[in-house]
Amino acid sequence: MPLTIDKSQTAVVALDLENDIVHERGAFKDFGFAAQAKERNVLSSARKVLDAARKAKVPVMYVCVKYRTGYPERAINCGMWQAVAQSNALVEGSWGSQVHADVAPLPGEPVVAKHGISAFCNSDLGAILRTKGVRNL
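Report on the accompanying structure. None of the values given here were measured: they were computed from a predicted structure. (Residues numbered from 1 in each chain as written. Predicted model: local features only at pLDDT ≥ 70, side-chain atom pairs only at ≥ 80, totals over all residues. Heavy atoms only, no water.)

On to the sheet that holds strand E1 (residues 12-15), then. Here 3 strands make up an open sheet; going across it, the order is E1-E2-E3 and the pairing parallel. Edge strands, defined here as strands with exactly one partner in the open sheet, are E1 and strand E3 (111-114). Across this sheet, the average inter-strand angle for adjacent strands is 25 degrees, counted without regard to direction. In terms of strand pairing, strand E2 (residues 60-65) meets E3 through 4 bridges, oriented parallel. (Pairing = 2+ DSSP bridges. Helix = DSSP H or I, 4+ residues; strand = E, 2+ residues; numbered from the N terminus. Axes fitted to C-alpha atoms, helices over the stretch in contact; angles between N-to-C directions.)

Here it is in structure tokens:
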């Protein structure tokens with residue numbers, strides 16, 4: 001049975017495609033994230049999905065991990081957040097916090113900042129989706 005999607009209630013959300021995470025020179029390169037992304041063709045696959053969504057006039061938006069200098073949004077008291085801070089990763093305005101050039105947002109596509117694991121917790125993603133009438137991701 002073919003899948004039917006109501007495009008008027010659908011959006012594509014690209015998550016965590018920042019340079020520090022997926023670029024071979026990113027802050028997390030030693031953790032193997034970029035190598036895994038390359039091995040699994042994450043960027044080229046994401047690009048195909050983004051291009052298809054845009055062609056179909058389905059809204060595209062991005063969710064990116066971003067922190068202010070000094071990481072005031074996070075308690076740096078566990079291993080994962082300590083590693084982020086020690087790597088000086090994902091700081092707003094830095095190259096590492098920008099979406100990889102291969103899958104960069106187009107003008108007008110929302111970029112939502114998140115400060116933790118969830119794209120919905122303490123971000124405006126839910127408000128943007130509701131405003132656009134999106135029910136399907």
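That was the structure; now back to the text.
Now for the pattern of salt bridges. Evaluation of the coordinates by the stated rule reveals 5 salt bridges. With a shortest N-O distance of 3.2 Å, Asp 16 and Lys 114 are connected by a salt bridge. Remark: Lys 114 occurs in strand E3 and Asp 16 occurs in the loop between E1 and helix H1 (19-22); sequence separation between them is 98 residues. Note on Lys 114: relative accessible area 3%, which makes it buried. Across the pair Arg 47 and Asp 51 runs a salt bridge, and its minimum N-O distance is 3.0 Å. Residue Arg 47 and its partner Asp 51 are located together in helix H3 (residues 42-55), separated by 4 residues, close to a single helical turn. For Arg 47, a relative accessible area of 36% gives the class partly exposed. Overall, the relative accessible area of 35% leaves Asp 51 in the partly exposed class. Residues joined in a network through salt bridges with shared partners are Arg 47, Asp 51, Arg 54 and Glu 109. (Salt bridge = Lys/Arg side-chain N within 4 Å of Asp/Glu carboxyl O. Buried < 20%, exposed > 50% of the residue type's maximum accessible area, 1.4 Å probe, protein only.)

Our next topic: the environment of Asn 136. Turning to its location among the elements, Asn 136 is positioned in the segment after helix H5 (125-132). Residues Asn 136 and Ser 44, 92 residues apart in the sequence, show an inter-C-alpha distance of 23 Å. The residues touching Asn 136, leaving out its near neighbours within four places in the chain, are Asp 6, Gln 9, Thr 10 and Ala 11. For Asn 136, the side chain forms a polar contact with the side chain of Thr 10, separated by 3.3 Å. (Contact = heavy atoms within 4.5 Å. Polar contact = N/O pair within 3.5 Å; in protein donor to acceptor, adjacent residues only side chain to side chain.)

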